[in-house]
Amino acid sequence: MCPRTRRRHGAGRVCLAFACLAGVAHAQPEGLDAADVERASLEATLEELDSPSLSAAYLSRRLQNATGDDRTTIARRLADAYVEMLRNEQDSAKLEEIERRARELADGLPEIAAAPLRIDLLRARYARAQEAAERWRLRLATPVERRTAEAALAEIAGSLNDLGVRLHRRVEALEREERRGRTEDEALLREALYDARRQRSLAFYYAGWSNYYRSVLGRSPKMADDATRQLGWLLGGGGARPLVERTPKATFRFDHVARAAMGVALAEARRGEAVTAIRWLDAVESAEQVSDAIRDQLFTTRLVVLASGDRWADMVSRINVRRRETDQPLQASEARLLAVLALERQRDGVDTPGFEEILQTLAQVALADLVDAGQIGHVLDLVERFGAMPLGNEGFIVLYVRALRAYDEARSAHLAVVGEGERDAPAQQDDVALAYVRAAGLFRVAVDSDDAAGFASQSARASVLRGLSLYFSGDLASAADVLERAGGEANDSAAEEALWFAIVALDRAIKDGRPSLDVRLDRLALVYLERFPSGERAARLLLLRANAGLLEPEEAVDVLLAIAPSEPLYAAARREAGRLLYAFFRRSRGLERERVGARFIEVAESLIAFESTAARADSDESARDAAQRAILLTRQLLEVALSTQAPDLTLARRAIDELEGIAADAGVPLDGAAAELAYRRLQIAMLLQDQRQIERLVGELRQLDGPFSEAADRLLFQDALRRWRAASAEDGGATEQDIESARGVVRFGLRLVNRAGEMGTGAVIQEAVAAAAEAIYDAEQDETYLETARRLDGPRIRAGLGTESALRRHARLSEGAGDIESALDAWRRLLAALPSQTAAWYEARVESLRLLA
């Protein structure tokens with residue numbers, strides 16, 4: 001009997017003995033182990049799937065029959081799943097249902113056990129309300145959204161404050177018990193006290209932020225006063241208003257403490273205490289080891305604080321420093337906030353000398369940065385809300401925004417009188433057409449302004465919009481001229497739109513009786529396909545004269561493949577069909593994947609032959625491009641041929657030969673594809689079970705490194721794991737084949753672990769490698785494998801992520817290595833996690849006592 005088998009049978013006898021002591025009959029103790037293994041396997045699979053809804057369904061069923069500590073443990077895990085679902089769900093009806101189920105779960109638990117769940121539920125609600133409050137601060141939320149968020153925050157703040165008060169009482173009770181020193185288990189008391197303090201801090205932290213946002217939405221300084229006291233729990237305030245000079249700067253290295261300090265600063269600013277607020281921000285900013293995330297948030301927080309104290313000159317200084325440090329304009333969210341702060345203060349009226357000019361400067365800086373970032377929607381919305389008062393009367397930005405407003409008004413009037421299928425057609429109403437003509441004139445004035453060169457990207461965009469205005473006004477020939485020129489000046493996205501509408505304008509002009517434009521249309525269509533060969537518009541362009549509407553993807557492929565070889569666009573049509581089929585293949589599953597793959601292979605083989613001929617026919621740049629396309633197609637063909645349920649090895653080997661031949665004839669180096677080719681050869685060798693070739697290719701991929709080397713490790717790991725599990729399933733002890741397969745699991749699994757970092761690899765890989773290492777150690781007593789298993793299990797166990805099998809394995813191997821402390825810790829963790837008075841629980845209890853003795 002092998003060591004692993006002896007250990008399993010021995011553990012069964014121990015479990016049976018303790019089951020009898022507990023008065024529980026277990027006729028088949030190994031059956032219990034199998035159920036535990038099955039449950040662990042299912043839970044590991046759920047963890048890999050990372051699906052909170054599946055986990056919640058599974059845990060809900062387990063909870064129905066659970067009792068005692070096991071019930072509390074499962075309830076907490078179910079609560080975590082509900083919280084994750086609340087974070088990810090967008091549908092309001094589903095959110096209400098999840099919240100209802102979570103509340104029912106919390107109501108069925110003791111108050112102390114339910115506290116973490118109630119906090120998590122309120123945090124999930126708070127996150128949604130906070131998002132609405134931040135949108136309101138930027139004046140992006142509607143009044144209805146503001147009122148809804150305010151009501152939600154009021155309820156959340158009250159519930160969290162009540163919970164915080166109850167938790168504070170529990171902390172006080174535990175502290176009194178700790179001072180008396182009469183408890184039998186000091187470790188449990190310290191753990192309970194730590195949990196209570198942490199939950200108290202969480203409750204007051206989110207209550208404080210909720211009250212701060214209530215003050216923002218409801219303009220109530222009383223809420224801000226409550227917020228300072230509640231956030232003060234994290235800053236040493238103990239329920240009173242915290243003092244910045246008494247808060248150690250070292251604590252700001254913790255993000256939640258730094259955010260609490262920033263929250264106090266914002267709340268103090270709402271109370272009119274701008275000086276105190278600035279002192280809090282200065283303290284955080286000057287502290288060491290503050291995270292980058294906090295430093296990024298400090299800038300916008302300071303903008304709000306400075307605005308609340310009318311410190312506009314300080315704000316100008318801060319913005320100038322920020323620009324010098326980053327050499328970048330403000331981010332869109334920062335620019336939007338700055339614009340709102342300045343424009344609202346300007347609208348309220350200014351009595352202080354110099355403020356008017358500073359506010360106008362700040363507003364123009366914000367709008368200019370929004371324009372530079374391409375956030376035209378924000379610019380138009382701000383001008384709509386606050387009028388054109390911050391813009392002045394001249395300059396590109398002023399003229400561009402006016403033109404945008406004119407275009408937006410014309411477009412709105414146009415869309416109001418047309419159907420869905422006519423949105424891209426020129427206007428038929430004279431007044432709408434004249435509105436577009438006016439917008440086109442304003443765009444031209446903006447492009448011709450003296451400072452337009454300083455806004456190159458937006459000036460190019462203005463030219464595109466001028467061409468679109470002419471197109472929608474019905475001046476098709478002029479629109480095509482302007483849009484074709486703009487397509488050569490604008491960036492890719494704007495150029496694509498310009499060239500597309502130039503083609504549409506020419507096509508409409510031809511249909512309106514100007515056939516002489518036909519040659520120009522074909523030329524411009526070819527330019528478009530060369531620059532933008534992929535995407536929906538490319539397919540539409542190929543079908544423009546036959547059908548102006550959209551087709552389903554496979555219908556588009558059918559039409560593209562139906563274009564005759566004599567047509568000028570034949571090659572582009574075939575390439576697009578191949579691209580679409582390859583994309584379909586990558587997205588497809590099951591039988592559809594097989595069908596699409598077969599169709600792609602057919603198209604790809606003909607395309608490769610076509611491109612190969614072109615590559616060998618000439619020696620100029622076009623031949624080199626054809627060779628590159630042929631190489632890419634062949635690499636895709638290799639992937640498809642080896643990824644189907646019945647891999648085509650003959651086709652794959654022929655494709656590799658063709659690939660190398662094309663590259664050699666065209667003088668194109670394959671250095672960038674060397675690793676991929678080695679990986680494809682490895683796939684072929686593994687299918688043929690050519691061990692010598694496998695070893696050679698693995699060594700080659702090791703030298704090349706990169707993603708295909710990692711892919712090879714995963715492929716080999718999965719193959720070794722499959723063979724080991726198959727060999728281990730046979731009830732004949734540890735055979736040589738069993739151990740050799742286990743070595744493969746360890747060898748390739750460790751490479752994956754080392755590449756990602758021990759805590760960055762999936763739990764399934766970690767568990768499999770550790771189990772395989774244990775099997776080798778059991779069979780050969782090689783301590784290298786003992787230490788490998790301990791090294792893999794140890795960090796996850798210390799992080800609280802150890803499975804039952806990992807804990808039991810770590811305990812046994814640690815004892816074998818002479819590390820009694822780690823072995824005892826593993827048995828204790830297992831004891832705490834297992835349902836009390838079960839066979840496995842008694843086993844862990846006895847092992848703990850034995851090691852203590």
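A few points on the structure. The structure displayed is predicted, hence computed values, not measured ones.

1. Here we look at the side chain of R137
Link 1 in the chain: Summarising the element assignment, R137 is placed in helix α6 (residues 111-137).
Link 2 in the chain: The class for R137 is buried, based on a relative accessible area of 13%.
Link 3 in the chain: A polar side-chain atom of R137 sits 3.1 Å from a polar atom in the side chain of Y212.
Link 4 in the chain: Beyond its immediate stretch of four places on either side in the chain, R137 contacts Y212, Y213, V304, L337 and V340.

2. Examining the environment of G794
Link 1 in the chain: Among the structural elements, G794 can be located in helix α34 (residues 783-798).
Link 2 in the chain: For the pair G794 and A806, spaced 12 residues apart in the sequence, the C-alpha separation amounts to 8.8 Å.

3. With respect to unusual backbone geometry
Link 1 in the chain: The residue Q289 is not glycine, and still its phi comes out positive at about 65°.
Link 2 in the chain: As for its position among the elements, Q289 is in the loop between α11 (274-286) and α12 (292-308).
Link 3 in the chain: Note on Q289: relative accessible area 61%, which makes it exposed.
Link 4 in the chain: In this structure, D310 takes a positive phi of about 55° despite not being glycine.
Link 5 in the chain: Overall, the relative accessible area of 25% leaves D310 in the partly exposed class.

4. So, helix α20 (residues 476-489)
Link 1 in the chain: The terminal C-alpha atoms of α20, which comprises 14 residues, lie 20 Å apart, in line with the 20 Å expected from a rise of 1.5 Å per residue.
Link 2 in the chain: Within α20 the residues assigned to the buried category are L476, A479, A480, V482, L483, A486 and G487.

5. Thoughts on the packing of helix α19 (residues 456-473) against α20
Link 1 in the chain: In contact at an axis separation of 8 Å, α19 and α20 are set at 160° when each is read in the N-to-C sense. Classed by the angle they form, the pair α19 and α20 counts as roughly antiparallel. As α19 packs across α20, the resulting crossing turns out to be left-handed. The residues of α20 that touch α19, namely those facing A460, S463, V464, R466, G467, L468, L470 and Y471, are L476, S478, A479, V482, L483, A486 and E489.
Link 2 in the chain: Of the residues that constitute the contact of α19 with α20, the class distribution is 10 nonpolar, three polar and two charged.

6. Some words on the nonpolar core
Link 1 in the chain: Core analysis: the largest hydrophobic core is formed by 141 residues, its most contacted members being Y212, F252, M315, Y400 and F443.
Link 2 in the chain: The element best represented in this core is helix α21 (residues 492-511), accounting for 13 residues.
Link 3 in the chain: If sequence neighbours within four positions are ignored, F443 has contacts with Y400, A403, L404, Y407, A462, L465, R466 and S469.
Link 4 in the chain: Formed by 40 residues, the second largest nonpolar core is a distinct cluster that contains F585, V603, A604 and L638.

7. Focus on the packing of aromatic side chains
The geometry of an aromatic ring pair comes down to the distance between the two centres and the angle between the two planes.
Link 1 in the chain: With the rule as written, the count across this model stands at 18 aromatic pairs.
Link 2 in the chain: Where Y679 meets F708, the ring centres are 5.7 Å apart and the plane angle is 50°; that geometry is what we call tilted. Here F708 lies in helix α31 (residues 707-729) and Y679 lies in helix α29 (residues 674-688), a separation of 29 residues in the sequence.
Link 3 in the chain: Classification of F708 as partly exposed rests on a relative accessible area of 25%.
Link 4 in the chain: Each residue in the set F396, Y400, Y407, Y436, F443, Y471, F472 and F501 is aromatic and connected to the rest through ring pairs, giving one cluster.
Link 5 in the chain: Positioned over the ring face of F585 is R593, at 4.0 Å from the centre of the ring.

Parameters and conventions
- Residues numbered from 1 in each chain as written.
- Predicted model: local features only at pLDDT ≥ 70, side-chain atom pairs only at ≥ 80, totals over all residues.
- Heavy atoms only, no water.
- Helix = DSSP H or I, 4+ residues; strand = E, 2+ residues; numbered from the N terminus.
- Buried < 20%, exposed > 50% of the residue type's maximum accessible area, 1.4 Å probe, protein only.
- Polar contact = N/O pair within 3.5 Å; in protein donor to acceptor, adjacent residues only side chain to side chain.
- Contact = heavy atoms within 4.5 Å.
- Expected span 1.5 Å × (residues − 1).
- Axes fitted to C-alpha atoms, helices over the stretch in contact; angles between N-to-C directions.
- Parallel < 35°, antiparallel > 145°, perpendicular 65-115°, else oblique.
- Left-handed = near helix turned anticlockwise from the far one by under 90°.
- Nonpolar A, V, L, I, M, F, W, Y, C, P; charged D, E, K, R; others polar.
- Core = buried A, V, L, I, M, F, W, Y, C linked by side-chain atoms within 4.5 Å.
- Phe/Tyr/Trp six-rings, centres within 6.5 Å; stacked < 30°, edge-to-face > 60°.
- Lys NZ or Arg CZ within 6 Å of the ring centre and 35° of its normal.

Nothing here speaks to function; it is all geometry.
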